[in-house]
Amino acid sequence: MILICDDDAAVRSSLSLVLKRAGYDIVAVANPTEAIDFVRNNHPDLILMDMNYSQGVSGEEGLTLLKQVKIFVPDVPVILITAWGSISLAVRGMKAGAFDFLTKPWNNISLLNTIQTAIQLNNKTEESSKQDNFNYNNIIGKSPALLKIFDVIKNISKTNASVLITGESGTGKELIAEAIYLNSNRISKPYVKVNLGGISQSLFESEMFGHKKGAFTDAQYDRKGRFEIADGGTIFLDEIGDLDLSSQVKLLRVLQDHSFEVLGDSKPKQVDVRVISATNQDLPEMITKGTFREDLFYRINLITLKVPPLRERTEDIPALVDYFVKKQMSVNNLSNIEISSDAINFLLKLPFPGNIRELKNLVERTILVSNKSVITDLDFKNQYIDLSGNKFNSDKSISPLDEVEREMIIKAMESHNNNIAKVAAALGLSRQSLYRRLEKYRISY
């Protein structure tokens, strides 16, 4: 049963019609008093409520109703309805415990998807957490932190919930995003990966929403955007923290309305896409600094998965090393290769700021260069490169010139919030040169 609370009779009627056609039982009330009276004695599956009422155009009455509802039915998901210009009010509602928000005029596809997701996540069953056919997508490890992530993926994969994956560079965020897709109901539909850090502000609309021939000077043919290509499936927005504010607004629009306009064509296109995002940046801190929109943050992080760095799951290192070794043996047709216990102990003590990606590169490089059947700690020491780009050295000595360059890059990255284009311009480098230096100095971005 779904409870609708809105003082507009036309809105109540429209919502009731859409939801009844979708198979839901509906109870519709006109004001907060009736809503509170209902939840005192009943337990709906979901509440759909307006934020503005005739006596409280500021929305404060809606926030008060939300808090009162949560007292009587704290476990029932509440979806807020507000005008586009009042999204800041919806964000306050999210902080007060609302599940999600929709804007007027709402999109019926978005409405039904949001309701279905809310009810599914609120009614987790043992069946969802015991999927025998779970696809781990070659995510290696059995550390407690990783097992918790697996449990969450099992519970959310069959829903349409938006997911935000956070963690340092090289921790495996992309693999986790793919695992969600591979275990979802959208497996037969497209999976589109987009590195937002590599798309400039001027190209954002064309890349994401497409363009018609002649829409701009170089538009010599029609082109589909990433969202249209992903229709019915899943889109993975990697490095979403690198997106400029102007592009954030455009992204928020399509996530909110499930529609967009192709450049050169004013007719809106509907799209049904599940969104998974990832970043190695601290988005709450960026919100405080004014470089990331709070409303977009709440739109993309219905579910948040924080991937731990390798230094916090060192118990997974032996299994990861074994996987990388076997993969190298298969790819390069090598005979049996063993890793000595001293070598494993050495790896367990390394900081690995580059995380799994750094471990993988070290293992592969050592196997290929040493050309031995038994890899020892000395072999790894000979191939290990520290943050300064220098090989392993017991006295930790570094190259002064390299250290100066590394510090300059780090400061520039901090000053420009890891925006590659801006950092490259500030340092007088091409983007390709900057990327090479970031890899050389093992700087996460």
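Residues numbered from 1 in each chain as written. Predicted model: local features only at pLDDT ≥ 70, side-chain atom pairs only at ≥ 80, totals over all residues. Heavy atoms only, no water.

### A closer look at the overall build of the protein
Part 1 of the argument: When you go through the protein residue by residue, the secondary structure sums to 19 helices and 16 strands.
Part 2 of the argument: The dimensions of the protein, computed from C-alpha atoms along their principal axes, are 75 × 55 × 40 Å.
Part 3 of the argument: With 445 residues in all, the protein has 49% of them scored as buried.
Part 4 of the argument: The contacts of the protein with a sequence gap of at least 6 include a subset with a gap of at least 24, amounting to 69%.
Part 5 of the argument: About 21,100 Å² of surface is accessible on the protein, with carbon and sulfur atoms providing 49% of the total.
Part 6 of the argument: Distance between charge centres in the protein, computed from 53 positive and 55 negative side chains, equals 3 Å. (Helix = DSSP H or I, 4+ residues; strand = E, 2+ residues; numbered from the N terminus. Buried < 20%, exposed > 50% of the residue type's maximum accessible area, 1.4 Å probe, protein only. Contact = heavy atoms within 4.5 Å. Areas by Shrake-Rupley, 256 points an atom, 1.4 Å probe, with all protein chains shown as cover. Lys, Arg positive; Asp, Glu negative; His and termini not counted. Charge placed at Lys NZ, Arg CZ, Asp CG, Glu CD.)

### Here's the deal with the nonpolar core
Part 1 of the argument: Ranked by size, the top nonpolar core spans 56 residues in total, and within it M49, M208, F227, I235 and L251 carry the most contacts.
Part 2 of the argument: Broken down by element, this core gets its largest block of residues, five residues, from helix α4 (residues 87–95).
Part 3 of the argument: Discounting residues that sit within four places of it in the chain, I235 has contacts with V192, V194, M208, R226, F227, A230, V273, R274, V275 and I276.
Part 4 of the argument: I4, L121, A177 and F236 belong to the second largest nonpolar core, which has 41 residues in total. (Core = buried A, V, L, I, M, F, W, Y, C linked by side-chain atoms within 4.5 Å.)

### Some points on the sheet that holds strand β10 (residues 234–238)
Part 1 of the argument: Here five strands make up an open sheet; going across it, the order is β7-β10-β13-β6-β14 and the pairing parallel. Strands at the two margins of the open sheet, each flanked by one partner only, are β7 (191–195) and β14 (303–306). Averaged over all pairs of adjacent strands, the angle between strand axes in this sheet comes to 15°, irrespective of strand direction.
Part 2 of the argument: By the bridge criterion, four bridges tie strand β6 (residues 163–166) to β14 in an arrangement that is parallel. (Pairing = 2+ DSSP bridges. Axes fitted to C-alpha atoms, helices over the stretch in contact; angles between N-to-C directions.)

### Considering the side chain of N418
Part 1 of the argument: Structurally, N418 is set in the loop between α17 (400–415) and α18 (420–427).
Part 2 of the argument: For N418, a relative accessible area of 17% gives the class buried.
Part 3 of the argument: Look past the residues within four positions of N418 in its chain and what remains in contact with it is D242, N280, Q281, M413, S444 and Y445.

### Points about the environment of W106
Part 1 of the argument: Relative to the helices and strands, W106 resides in the loop between β5 (100–104) and α5 (108–122).
Part 2 of the argument: Considering only alpha carbons, one finds W106 and H258, 152 residues apart in sequence, at a separation of 9.6 Å.
Part 3 of the argument: In this structure W106 touches V11, S14, L15 and L111, once residues within four positions along its chain are discounted.

### Here we look at the pattern of salt bridges
Part 1 of the argument: Overall, the coordinates contain 21 salt bridges when judged by the stated rule.
Part 2 of the argument: A salt bridge links D6 to K104; its shortest N-O distance comes to 3.6 Å. Of the two residues, D6 sits in the loop between β1 (2–5) and α1 (9–21) while K104 sits in strand β5, which places them 98 residues apart along the sequence.
Part 3 of the argument: On the basis of relative accessible area, D6 is assigned to the buried category, the value being 1%.
Part 4 of the argument: Salt-bridge contacts for E285 lead to K289; the nearest nitrogen and oxygen are separated by 3.2 Å. (Salt bridge = Lys/Arg side-chain N within 4 Å of Asp/Glu carboxyl O.)

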